[in-house]
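What follows is the residue order along each chain.
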Amino acid sequence: MDFPRRWGAPWWIACAAATSGLIYLAGFSNDSSTKEENKPSGSDFIDSLKPFWDGCGTILLDSVEFESWFKDVEANTVVIDTMLAAVPLSYDADPVGNDYVAIPTIEKEIRERTASLAKAKEEFDGFLKTRTRIIHNVFSNSTMWQYYADGGEDVNFLVALTRYLASKIAQEDSLAGGEISKLTANEVETYSGVRDQASNIVRKIIQVQYNIWHRDIAGLALGQHLAAARAHVRDARIYEDQIVSTLQRKSGKKHLWRLGERGDAMYQLWTRLDKLQLEHNRMLGSLHWVKNHKAIAGANPFKREAKSLKKEAYEWCHRLTGLLNNWGTLLKTSHQGTLFMLRRSELNATVDSPSTFDVDGSWQAWKNRNCGGTTCYDAGGKVIRLVRALGMKFKPLAGRARDEQAWCDGQDQSPRKRPKVWRGVYESACCEYGETADFLKYGPLYTIPER
């Protein structure tokens, strides 16, 4: 991230990996960009980023309830212990009898299952913590804000040109024979400038995303945690199959293990992790392929013909527009991204010098507007006013998600947009002193340039 040196990067920003060229991708090779069979689909090379944006949605957004993934398999641990306790004591007496059960063997397998599951949970917790850091890295990148919101390098002009150039090219293509009059020297200079400027910004955006996901320590660690969690769940599943196979024959409470419910939990967890790892590999693969495409890598010489020059200008403007739209959609769909966007909008309108700004005062004002209804702030209401009038001490009063409500009210769309950010996200921002609070308190300020 491009933080001014005198500010220093916040502690929640992962530093860049020191070892270049080492990209951790389970099932993905660094030389895949040279293999035609690994080329992602898409009519234009930039369309090949669709798996990347889809993967970002799965990993970064809150629609996938990752926190609940281990709930069922952990509950099954109690069921297995209950089934073991219901094995008749006499079954361990005679090794040559029909009712013999090697209790020590089962107990060892249970310990192995428990240990593998604990390792998997530890790795998955690491995945979730790393995911939080990547969310913050993605949405607090100053380069992306420079282009998405601040109109840096005339990006708004380039985006606006996309539709104009598309219409212009369509009109010329409809001419008999598709012939186009020769461009004047001024037109050549104009279209060349548009093409060069748009292509340079596209390369910068691709590089930003590549650095976050392929070079940053957090980006590399995400895949490592995920692969390790999947491997440990696979081991736990093997031990569980051996345990349950015996207990379903020998336990007096074998009915507790119903295949349609408990028996599928470990398999479902493994399947979820397997699909998530596959999607993660695909998203990184598509980004790696586009990053090394000849048009991005600089190995694609531009043409000078009139029609090609105008079309190239349009194509690069179109690619730029698509990248900004995809990032913006991700930002506004994310709960933390939405709050970050709203706080940055407020600060951008009031801050002249980020290095001297009263960030503590502005953060308290933000909490006073938005934290009502959390565990540390009361929201206004008749009941609250009544008990306060009686002299009872309560939590400080605050508005309830007012910034988000005002933003939704200002959207020109039907049906009317409604606030969506979960209470738990506000809880983390308003009542805890952790990464989410620091991200929203300080992060937007680091994306605002000195004026």
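Residues numbered from 1 in each chain as written. Predicted model: local features only at pLDDT ≥ 70, side-chain atom pairs only at ≥ 80, totals over all residues. Heavy atoms only, no water.

### Considerations on the layout of surface pockets
In this approach, a probe sized like a water molecule rolls over the atoms, and the result shows the empty space that is left. For the largest pocket, the calculated volume is near 510 Å³. Lining the largest pocket we find 20 residues, and of these Glu-67, Thr-132, Gln-336, Ser-428 and Thr-436 sit closest to its centre. It is helix 3 (residues 103-139) that provides the largest number of residues to the lining of the largest pocket, a total of five residues. In terms of residue class, the lining of the largest pocket is built from seven nonpolar, six polar and seven charged. (1 Å grid on protein atoms, 1.4 Å probe; cavity = no way out; pocket = protein on both sides within 12 Å on 5 of 7 lines; lining within 4 Å. Points joined across faces, edges and corners; volume = space filled by probe spheres on them. Helix = DSSP H or I, 4+ residues; strand = E, 2+ residues; numbered from the N terminus. Nonpolar A, V, L, I, M, F, W, Y, C, P; charged D, E, K, R; others polar.)

### Considering the state of the cysteines
Put plainly, two cysteines are in a disulfide when a covalent bond ties their sulfur atoms together. Throughout the structure, instances matching the rule amount to two disulfides. With a sulfur-sulfur separation of 2.0 Å, Cys-371 is cross-linked through a disulfide to Cys-430. The sign of the -80° torsion about the S-S bond sets the Cys-371-Cys-430 disulfide as left-handed. You can see Cys-371 sitting in the loop between helix 12 (359-370) and helix 13 (382-389) and its partner Cys-430 sitting in helix 15 (residues 423-431), a full 59 residues away along the chain. Each member of the pair, Cys-371 as well as Cys-430, carries the same accessibility label: buried. Paired through a disulfide, Cys-376 and Cys-431 show a sulfur-sulfur distance of 2.0 Å. Its S-S torsion of approximately -80° makes the covalent link between Cys-376 and Cys-431 left-handed. Linking Cys-376 in the loop between helix 12 and helix 13 with Cys-431 in helix 15, this pair joins segments that are 55 residues apart in sequence. A relative accessible area of 21% means that Cys-376 is categorised as partly exposed. The connectivity of the disulfides in the chain is 1-3, 2-4, where the numbers refer to bonded cysteines in sequence order. (Disulfide = S-S within 2.5 Å. Buried < 20%, exposed > 50% of the residue type's maximum accessible area, 1.4 Å probe, protein only.)

### Digging into unusual backbone geometry
Working note: non-glycine residues mostly have negative phi, and peptide bonds are mostly trans. Residues other than glycine seldom take positive phi values, yet Asp-154 does so here, at roughly 55°. Relative to the assigned elements, Asp-154 resides in the loop between helix 4 (142-148) and helix 5 (155-173). A positive phi is found at Ala-401, a non-glycine position, where the angle reads about 50°. Within the secondary structure layout, Ala-401 lies in the loop between helix 13 and helix 14 (402-409). What makes Ala-401 buried here is its relative accessible area of 12%.

### Concerning the packing of helix 11 (residues 335-350) against helix 12
Look at helix 11 against helix 12: their axes get within 12 Å of each other, and the N-to-C directions meet at 125°. Taken together, the axes of helix 11 and helix 12 are oblique relative to one another. Viewed along their axes, helix 11 and helix 12 form a crossing whose handedness is right-handed. Contacts between helix 11 and helix 12 pair Leu-339, Arg-343, Glu-346 and Leu-347 from the former with Val-359, Ser-362, Trp-363, Trp-366 and Arg-369 from the latter. Residue composition of the contact of helix 11 with helix 12, grouped by class: five nonpolar, one polar and three charged. (Axes fitted to C-alpha atoms, helices over the stretch in contact; angles between N-to-C directions. Parallel < 35°, antiparallel > 145°, perpendicular 65-115°, else oblique. Left-handed = near helix turned anticlockwise from the far one by under 90°. Contact = heavy atoms within 4.5 Å.)

### Observations concerning the environment of Glu-112
Within the secondary structure, Glu-112 is located in helix 3. The class of Glu-112 is partly exposed, set by a relative accessible area of 29%. Between the alpha carbons of Glu-112 and Glu-240 there is a distance of 9.1 Å; along the sequence they are 128 residues apart.

### With respect to the side chain of Thr-338
Tracing the sequence through the fold places Thr-338 in helix 11. With relative accessibility at 0%, the residue Thr-338 sits in the buried group.

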